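Summary of the model geometry
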Amino acid sequence: MVSFAFAIFGMCLLVLLSIANAQYYHSPLKYFNVKDYGAVADEKRDNSQAFLKAWDDACQWRGNSVVYIPHGTYKLDTVSFEGPCRGFMRFVIKGVLKAPTHPSLFSTNTWIAFRYIDGLVVKGGGYLDGQGAVAWPYNDCSKNPQCMPLPVTMRFDFVTNSRIHHLRSINSKNSHINLFACNNINISFVRLTAPDESPNTDGIHIGLSTNIKISRTVIQTGDDCIAMVNGSQNITISDVTCGPGHGISIGSLGKSPGELVTGINVRNCTFIGTQNGARIKTWAPSLSSQASDIFFGDIYMENVHNPILIDQQYCPLPSCSNQLGQDNSKVQISNVTFSNIWGISSSKVAITLKCSKLVPCKNVQLNNINLVYHGRGGPAESSCLNVIGASYGRQSPPSCL
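Residues numbered from 1 in each chain as written. Predicted model: local features only at pLDDT ≥ 70, side-chain atom pairs only at ≥ 80, totals over all residues. Heavy atoms only, no water.

Focus on unusual backbone geometry
This is how it is decided: Strands are runs of DSSP state E lasting at least two residues, helices are runs of H or I lasting at least four, and both sets are numbered from the N terminus onward.
With an omega dihedral of 5°, the bond running from Gly 83 to Pro 84 counts as a cis peptide bond. The topology assignment puts Pro 84 in the loop between β4 (79-82) and β5 (89-93). Following Gly 251, the chain continues into Ser 252 via a peptide bond in cis, with omega recorded as 10°. Tracing the backbone through its elements, the reader meets Ser 252 in strand β17 (residues 248-253).

Spelled out as structure tokens, the structure:
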């Protein structure tokens, strides 16, 4: 009888907790309008303190909160919105946010940061204007290995179970969006734009992050449309249009020991006028690392210089020593598939699989490839070095595997 009473009590307690949780998760949204905290849309005054105060109050609210930026153009210096928060957070940008232009503020690595938050939505249809043209002349990374990075437009550190959608970022000083140590992030309906000559303006840069989904997005930048570096795992990319830019890239890898990228799936994407298409790159020389279980499929290439590229002799800096036959990469690349990729290559060598002599690429597959070249000296060709793999179905250019 006692055990029966305890069972009934337990069931009642579970019901009460379920009702409480339902009320919590579906509680009405409480809005925290930055204008109520003193923000002014005059493009002159710095609004960072007003934005931070609105965030702090919203973060402490026990329920679902909205930090609301209404229409207008707001000047905003460097800000960091931090948790943990007491409820789910929405950051709704309807207006235009403009980054600082004074060189004294270029030494920080971030313009807008979100950190240590579980359950965040960033949306609104507004613009992030990085005003990068004033900062790009300060980028000397192509000549200086010790260069100081310019600010990323929007950075997410240790953020989980979150969504970023319906935003536009223009003219970033550095990467538009950076994910670090994040889990379960969904990015969609985002447009990221910078001139093709702008340096290091990656669209989305991912590191030490898992379960990331990117879809229905347009990226036009001066560097990688999407870059996946060490610790990127279980990344799904679909319905992305890339160009101009350097393509969708894994790496570069191998600067530190034990780096890992695995579980990458890129599908239904379009590349227009990019330097590269589907690319994997590792430093030479490099330290022992791994890149595995990678799929690029159902991809259209339009005038892409390197549509399919594995480059294990990547070394763009003048300080590199990358002479032929020396300094081979120690990054093991394995289980890579390029499937159903078609279109136009702007270079004669449409497929380049240049792997390491020390650790040849393993289980690389080419499946139904149709890439044509209309320039002088055609038709298109493929080139392989230190690759173990196979080809299936149609192969144009003829497979080198």
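Let's talk about empty space enclosed by the protein
What counts here: In this analysis, the protein atoms alone were mapped onto a 1 Å grid. Cavities are point sets where a 1.4 Å probe fits without being able to get out; pockets are open sets with protein on both sides within 12 Å along at least five of seven lines; lining residues have an atom within 4 Å of a point. Grid points are joined across faces, edges and corners, and a volume is the space filled by probe spheres set on the points. Each residue is assigned to one of three groups, with Ala, Val, Leu, Ile, Met, Phe, Trp, Tyr, Cys and Pro labelled nonpolar, Asp, Glu, Lys and Arg labelled charged, and all others, Gly among them, labelled polar.
Enumeration according to the criterion identifies 1 cavity of 30 Å³ or more in this entry. Forming the boundary of the largest cavity are Thr 78, Ala 99, Pro 100, Leu 105, Thr 108, Trp 111, Pro 151, Val 152, Thr 153, Ser 172 and Lys 173. Within the lining of the largest cavity, the residues separate by chemical class into 6 nonpolar, 4 polar and 1 charged.

A look at the nonpolar core
Inside soluble globular proteins, nonpolar side chains tend to come together where they are buried. Under the convention used in this document: The criterion is simple. A nonpolar core is a set of buried Ala, Val, Leu, Ile, Met, Phe, Trp, Tyr and Cys residues joined through side-chain atoms within 4.5 Å. Each residue is assigned to one of three classes by its accessible area relative to the maximum for its type, calculated with a 1.4 Å probe on protein chains only: buried under 20%, partly exposed between the two thresholds, exposed over 50%. Between two residues, a contact is recorded if the distance between any of their heavy atoms is within 4.5 Å.
Core analysis: the largest hydrophobic core is formed by 88 residues, its most contacted members being Trp 55, Phe 114, Phe 156 and Phe 338. With 7 residues, the top contributor of residues to this core is helix α2 (residues 48-60). Setting aside residues no more than four positions away along its own chain, Phe 114 makes contact with Trp 55, Phe 81, Phe 91, Leu 120, Val 122, Met 154, Arg 155, Phe 156, Asp 157 and Val 159.

Quick look at the side chain of Thr 201
Cut-off, in case you're wondering: Definition of a polar contact: a pair of N or O atoms within 3.5 Å, with one able to donate and the other able to accept a hydrogen when the atoms are protein atoms, and with sequence-neighbouring residues admitted only if both atoms are side-chain atoms.
Within the secondary structure, Thr 201 sits in the loop between β12 (183-193) and β13 (204-207). With relative accessibility at 0%, the residue Thr 201 sits in the buried group. There is a polar contact of 2.8 Å between the side chain of Thr 201 and the side chain of Ser 198. Leave out the neighbours within four places in its chain, and Thr 201 touches Trp 136, Ser 172, Lys 173, Asn 174, Ser 175, His 176, Ala 194, Thr 221, Gly 222, Asp 223 and Asp 224.

Describing the pairing of β4
Two faces make up the sheet, and in a regular strand the side chains alternate between them. Heads up, the rule is: Strands are labelled as partners when DSSP assigns at least two bridges between them.
Here β4 shows a buried face lined by Val 79 and Phe 81 and an unburied face lined by Ser 80 and Glu 82. As judged from the 4 bridges shared by β4 and strand β7 (residues 110-118), these two strands associate in the parallel manner. Among the inter-strand pairings, Phe 81 is bridged to a residue of β7, identified as Phe 114.

Some points on the packing of aromatic side chains
Defined as follows: Here a Phe, Tyr or Trp ring, Trp counted by its six-membered ring, pairs with any other such ring whose centre lies within 6.5 Å, and the pair is stacked when the planes are under 30 degrees apart, edge-to-face when over 60, and tilted otherwise.
Across all of its chains, the model carries 15 aromatic pairs by this definition. For the pair Tyr 31 and Tyr 68, a centre-to-centre distance of 5.8 Å together with 65° between the ring planes defines the contact as edge-to-face. Taken together, the residues span a long stretch of sequence, with Tyr 31 in strand β1 (residues 30-33) and Tyr 68 in strand β2 (residues 65-69) at a distance of 37 residues. On the accessibility criterion, Tyr 68 (21% relative accessible area) is partly exposed.

Concerning the state of the cysteines
We count it as follows: Note on terminology: pairs of cysteine sulfur atoms within 2.5 Å are recorded as disulfides.
Scanning the model with the defined rule gives 5 disulfides in all. Residue Cys 355 pairs covalently with Cys 361 via a disulfide, S to S 1.9 Å. In this structure, the disulfide formed by Cys 355 and Cys 361 twists by about -95° around the S-S bond and is classed as left-handed. Linked covalently through their sulfurs, Cys 384 and Cys 400 form a disulfide whose S-S length is 1.9 Å.

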